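Structure assessment
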Amino acid sequence: MFETLSEKLQATLSDVRGHGTLTEADISAAMREIRLALLEADVNFQVVKSFTAAVRERALGADVIGQLNPGQQVVKIVNDELTALMGGEAQDLHFASRPPTVILMAGLQGSGKTTATAKLARYLREQHGSSVAVAACDVYRPAAVQQLIQVGQRAGAEVYEQGTEKSPVQIAAWARDRAQADGKDVLIVDTSGRLHVDEELMRELAEIRKAIRPDAVLLVVDAMTGQDAVQVADQFSQTVALDGVIVTKLDGDARGGAALSVKAVTGKPIMFASTGEKLDQFERFYPERMAQRILGMGDVLSLIEKASEAFDEQQARELERKFRRQEFDLDDFLEQMRQIRRMGPLQNLLSMIPGMGKELRGAKIDEREFDRIQAIILSMTPQERRHPELIKGSRRLRIARGSGTNVQAVKALIKQFEQMRKLMKVMASGKTPDLQALMRAAR
Amino acid sequence: MARDWADLVIVDAARSMLAPEPAAAAEATRRRRGMFTRLRENLRKTRQALGAEIQATLSGELDAESWERLEEALIYADVGARTTAQVVAELEREAAAGGLVGAEALSARLVELLAAIARTGDDRIDLRAKPTVILMAGVNGTGKTTTAGKLAHHLSREFGLRVVLAAADTFRAAAVEQLEVWAQRSGAQFVRGPDGTDPGSVAYDGVSAALDSGADVLIIDTAGRLHTQEDLMGELAKVRRVVAKQIPDAPHETLLTVDATTGQNGLRQAQIFAQAIEVSGLVLTKLDGTAKGGIALAIASDLGIPVKLIGIGERLDDLRPFDAEDFARALVQ
């Protein structure tokens, strides 16, 4: 997401970086580029206007002109303003003091409410250990109830549904009572998609709100939305008083300027980002990281958080001990590889590392390579996994056959593993390894 | 002249007898007007009416700021920076040359310029092949299934065509059931596979069913997918190949649904889908909101893909043939 905007801003600002000091003409040129980039990213043009005005004002101020590195200052200003515009700190849901916490989902048709409902249910169950129920109140779109039944169950939530005969207001109220009776921690109410200008359906949404008194009303917004996002957000905000926003389809290449617009118009935080079709591709939205990402500083914090979720702390300590004692064997290697893969597709992970964005845009990571490595290791005996140096001639041939690969592949894997062990040895001894020498050796 | 279904689709002579004849022409015109009024009403439901903005801009003295405001108005309609710059530059050039005087002449010319961009390629749907295979594709949530269902309804009602609907969206939960409801409503024959089947095999069964029953049209609904998901785009290309193997010229029509609220990413969508499956036309959906669907102009301008149908509401009748001039006029008036 945002790749091209990031590139554009970087290109503009690298020009600024090239000068010793900033002139007003420099700033004007940079602002024009930023304006165009933001418009192409679908940020609403009025939001763009106020954004560039704010950046210009600060850039023209004394804290830039005459400073040693004005380019860096402009990057910082754009970053600060972008972060401020997107809402500063990450914001979490507020839970009701007495359960159930009731969450009402709203949005246009096709924005991804039903999927987001299931993802949020799964997220709250996993992250907060909540018992979650979801209520199927989309009685209009054909088969919407069936869809929620299926994805809700997959998410481990209980699905409250009454078919499509009753009114959404009745179903919502019934679901609230039932969630209370069942002692659920959270009830998420899925509603049908509606246009913000459809008075009848907007009135219905307001009635649902009145009937269930939700603790949070979340607007679901498609990251690909254009200029109209401001009107949609404004209208929903006026009808049902939003508490937060979920941005969906952020896994595409949309630059997601709508997210900025929606924040600017409603003043409500973007709480979650939906980044794929799988139920676990859903995370908290971090405005400051997103701003850094736009500027090409990478999303290291998100990566770290993902890693800490996937890795068991106990296991990590055990692994560290092995590193130090150099007992790290192929079994550990296999386990580590599995944990990394649990964090999601490698392509996604790499895109979060600073400096990787541009280089890896076109690169394809062959996930099947991991399957091959796994097959090779699993074809070894426990003893061979602990002592790979045993693997010679006939053992090598047996492993190659067993894993459906060839002798060269087995050889290459063992060589790589030995290199890795060497690296660990150096690191464990406290010295900084000569990475380039190691890379050369690895090739 | 607004277009009707009879203007959009090409059917063989026997079928065209079923199409509205002069007797029904008055009724058709009335319906058409109703549609146009509704479209315009819907497009007008915006607080900062684009039209007022443009009128105000063009009726004053024309300076750099007027052109900039006109640009902003078009950008606000999601027309995109490049197409906007192109249109405004041309209008500015003609105004400077002295050919256009007054707000009325200027806005009329603006409509012409926008309509000329929207009018591109072959914008009709040829249904003379038997069966004609129509493949539906698009990003998640853009309205593929709904469009497939409504299209089936129109083709059978307006032209008496026998339609088969094939549910090749085997991925999204309950998508098959959703299309089945549409099949019942429109009286179309329905083809499905077990959950999680390969979409190619459903398409194959769809073609076989259409051939066996001598149906006129087969509409294949596919799962929504982001254009960035290469494996899923490959899957879609495979569906196309499967169909082409059974009927050499098929699919005869490949329609991409684009949500009118989509911003500039719509261009990328159209570009990548077109590379994968040779898109022959767009369906611009959800025009009944406040979004103006200007992205369709950018797509027409950059890629030469015409809009063939528009969706202006949730009712069965709210799927309509696209008319470039109506669209352009509704955009700026």
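Residues numbered from 1 in each chain as written. Chains lettered and ligands numbered in written order. Predicted model: local features only at pLDDT ≥ 70, side-chain atom pairs only at ≥ 80, totals over all residues. Heavy atoms only, no water.

This next bit is on the overall build of chain B. The helix and strand inventory of chain B stands at 14 helices and ten strands. For chain B, contacts bridging at least 24 residues in sequence account for 79% of all contacts bridging at least 6. For chain B, the exposed area adds up to about 12,600 Å²; of that, 50% sits on carbon and sulfur atoms. (Helix = DSSP H or I, 4+ residues; strand = E, 2+ residues; numbered from the N terminus. Contact = heavy atoms within 4.5 Å. Areas by Shrake-Rupley, 256 points an atom, 1.4 Å probe, with all protein chains shown as cover.)

Attention shifts here to the overall build of chain A. Of regular secondary structure, chain A possesses 21 helices and eight strands. Relative to its 443 residues, chain A shows a buried fraction of 49%. Counting contacts in chain A only where the partners sit at least 6 residues apart, residues at least 24 apart contribute 73% of the total. Accessible surface, chain A: about 20,400 Å² in total, of which carbon and sulfur atoms supply 50%. (Buried < 20%, exposed > 50% of the residue type's maximum accessible area, 1.4 Å probe, protein only.)

Below, the discussion takes up the interface of chain A and chain B. It is common to give the size of an interface as the accessible area that goes away when the parts come together. Each partner contributes residues to the interface: chain A has 38 residues there, and chain B has 42 residues. The contact between chain A and chain B buries some 3,500 Å² in all, and 52% of this surface belongs to carbon and sulfur atoms. Measuring nitrogen to oxygen at the nearest pair gives 3.2 Å for the salt bridge that ties K49 of chain A to E72 of chain B. If you look at where chain A meets chain B, you find 15 residue pairs in polar contact (both at pLDDT 80 or more). Going through the elements one at a time, helix 2 (24-40), helix 3 (45-60), helix 6 (144-154) and helix 9 (229-240) of chain A are the ones with two or more residues in the side of chain A that touches chain B. Of the residues forming the side of chain A that touches chain B, the biggest block, five residues, is contributed by helix 6 of chain A. (Buried area = accessible area lost by both parts, 1.4 Å probe. Salt bridge = Lys/Arg side-chain N within 4 Å of Asp/Glu carboxyl O. Polar contact = N/O pair within 3.5 Å; in protein donor to acceptor, adjacent residues only side chain to side chain.)

Let's shift gears to the pairing of strand 2 (residues 132-137) of chain A. If a strand is regular, its side chains alternate between the two faces of the sheet. All names here are of chain A. With respect to burial, strand 2 is a largely interior element, six of its six residues being buried. Residues V132, V134 and A136 line one face of strand 2 and the alternating positions A133, A135 and C137 line the opposite face, and both faces are buried. As paired strands, strand 2 and strand 4 (residues 186-191) are joined by six bridges and run parallel to one another. Within strand 4, the position partnered with A136 by the bridge is D190. Assessed by its sense of winding, the connection that carries the chain from strand 2 through helix 6 to strand 3 (residues 158-160) is right-handed. (Pairing = 2+ DSSP bridges. Right-handed = clockwise from strand over helix to strand, strands pointing away.)

Time to look at the sheet that holds strand 6 (residues 244-248) of chain A. In a beta sheet, neighbouring strands are held together by backbone hydrogen bonds and run either parallel or antiparallel to one another. All names here are of chain A. Strand order in the open sheet formed by eight strands is 3-2-4-1-5-6-7-8, with mixed pairing between adjacent strands. The open sheet has two edge strands with one neighbour each: strand 3 and strand 8 (282-284). Between one strand and the next, the sheet's axes are offset by a mean angle of 25 degrees, whatever the strand orientation. Relative to strand 6, strand 5 (residues 216-222) runs parallel, the two sharing five bridges. Its bridge partner being in strand 6, V221 is matched across the sheet by V247. Packed onto the sheet, helix 5 (residues 113-128) meets strand 1 (101-107), strand 2, strand 4, strand 5, strand 7 (270-274) and strand 8 and runs at close to 170 degrees relative to strand 4. (Axes fitted to C-alpha atoms, helices over the stretch in contact; angles between N-to-C directions.)

All names here are of chain A. Burial analysis of strand 5 places seven of its seven residues in the buried class, which makes it a mostly covered element. Inspection of the sheet shows strand 1 paired to strand 5 by five bridges, in the parallel sense. Bridge pairing in strand 5 links I103 to A216. After leaving strand 5, the chain enters helix 9 and then returns to the sheet as strand 6, a path that is right-handed.

Right, let's talk about helix 7 (residues 102-118) of chain B for a bit. With 17 residues, helix 7 of chain B extends 25 Å from end C-alpha to end C-alpha; this agrees with the ideal 24 Å at 1.5 Å per step. Of all the residues in helix 7 of chain B, the buried ones are A103, L106, S107, L110, V111, L113, L114, A115, I117 and A118 of chain B. (Expected span 1.5 Å × (residues − 1).)

A word on the sheet that holds strand 10 (residues 319-321) of chain B. All names here are of chain B. Spatial strand order, 5-4-6-3-7-8-9-10: eight strands in an open sheet with mixed pairing. Each edge of the open sheet carries a strand with a single partner, namely strand 5 (189-191) and strand 10. On average, each strand axis in the sheet is tilted by 25 degrees relative to the strand beside it, whichever way the strands run. Alignment of strand 8 (residues 281-285) against strand 9 (residues 307-311), held across three bridges, turns out to be parallel. Its bridge partner being in strand 9, L284 is matched across the sheet by I310. Along the sheet face, helix 10 (residues 199-213) touches strand 4 (163-168), strand 5 and strand 6 (217-222) and points at about 165 degrees away from the line of strand 4. Set on the sheet, helix 11 (residues 230-246) makes contact with strand 3 (132-138), strand 6 and strand 7 (253-259); between it and strand 3 the angle comes to about 180 degrees.

On to the confidence of the model for chain B, then. When the pLDDT values of chain B are averaged, the result is 86; 87% of them are 70 or greater. The ipTM value of the predicted complex is 0.79, and its pTM value is 0.74. (pLDDT = per-residue confidence, 0-100.)

This part covers unusual backbone geometry. A cis amide bond links P99 of chain A to the next residue, P100 of chain A, at an omega of 0 degrees. With respect to the element layout, P100 of chain A can be found in the loop between helix 4 (70-86) and strand 1. In this chain, A250 of chain B is followed by P251 of chain B through a cis amide linkage whose omega measures -10 degrees. Here P251 of chain B shows up in the loop between helix 11 and strand 7. The phi angle at K249 of chain A is positive, at roughly 60 degrees, despite the residue not being glycine. Taking the relative accessible area as the measure of exposure, K249 of chain A reaches 11% and is therefore buried. In the Ramachandran plot, D78 of chain B falls in the positive-phi region, its phi being about 70 degrees despite a non-glycine side chain. Following the sequence through the fold, D78 of chain B ends up in the loop between helix 5 (64-76) and helix 6 (81-96).

Moving on, we get to the environment of V258 of chain B. Residues and elements named next belong to chain B. For V258, the position within the fold is in strand 7. It is 26 Å that separates the C-alpha atoms of V258 and G193, two residues lying 65 residues apart in sequence. Discounting residues that sit within four places of it in the chain, V258 has contacts with L282, V283, L284, T285, I295 and I299.

Opposite charge on two side chains allows them to pair when their charged atoms are near. All told, the structure shown has 32 salt bridges over all chains when counted by the stated rule. Between K238 of chain B and D198 of chain B there is a salt bridge whose closest N-O contact spans 3.1 Å. One end of the pair, K238 of chain B, is in helix 11; the other, D198 of chain B, is in the loop between strand 5 and helix 10, with 40 residues separating them in the sequence. Salt bridges sharing partners connect three or more residues here, namely E158, R178, D182 and K184 of chain A.

In this section: the packing of helix 7 (residues 168-181) of chain A against helix 8 (residues 199-212) of chain A. All names here are of chain A. Their axes nearest at 9 Å, the elements helix 7 and helix 8 cross at an angle of 20 degrees. It follows from the interaxial angle that helix 7 and helix 8 lie roughly parallel. The crossing of helix 7 and helix 8 is right-handed. Contact with helix 7, carried on its side by P168, V169, A172, A173 and R176, involves E204, E207, I208, A211 and I212 of helix 8 and no other residues of that element. Residue composition of the contact of helix 7 with helix 8, grouped by class: seven nonpolar, no polar and three charged. (Parallel < 35°, antiparallel > 145°, perpendicular 65-115°, else oblique. Left-handed = near helix turned anticlockwise from the far one by under 90°. Nonpolar A, V, L, I, M, F, W, Y, C, P; charged D, E, K, R; others polar.)

The next thing to look at is a negative patch on the surface. On the surface, E61, D63, E65 and E68 of chain B cluster together into a negatively charged patch. Along the chain, E68 of chain B falls in helix 5. (Patch = residues over 30% accessible without salt bridge, like charges linked within 9 Å, V, L, I, M, F, W, Y side chains within 5 Å. Lys, Arg positive; Asp, Glu negative; His and termini not counted. Charge placed at Lys NZ, Arg CZ, Asp CG, Glu CD.)

The next subject is the confidence of the model for chain A. All names here are of chain A. Across chain A, the average pLDDT comes to 79, with 73% of residues at 70 or higher. Predicted confidence is poor over residues 297-301, with pLDDT under 50, and the contacts of this stretch with residues over four places away or in other chains come to 13 contacts. pLDDT under 50 marks residues 354-362. Its contacts with residues more than four places away, or in other chains, come to nine contacts.

What follows concerns the packing of aromatic side chains. All names here are of chain A. Tallying each qualifying case throughout the model produces seven aromatic pairs over all chains. Consider the rings of Y160 and W174, whose centres lie 6.0 Å apart with planes at 65 degrees: the pair is edge-to-face. Note that Y160 is positioned in strand 3 and W174 in helix 7, a separation of 14 residues in sequence. Judged by its relative accessible area of 0%, Y160 falls in the buried class. (Phe/Tyr/Trp six-rings, centres within 6.5 Å; stacked < 30°, edge-to-face > 60°.)

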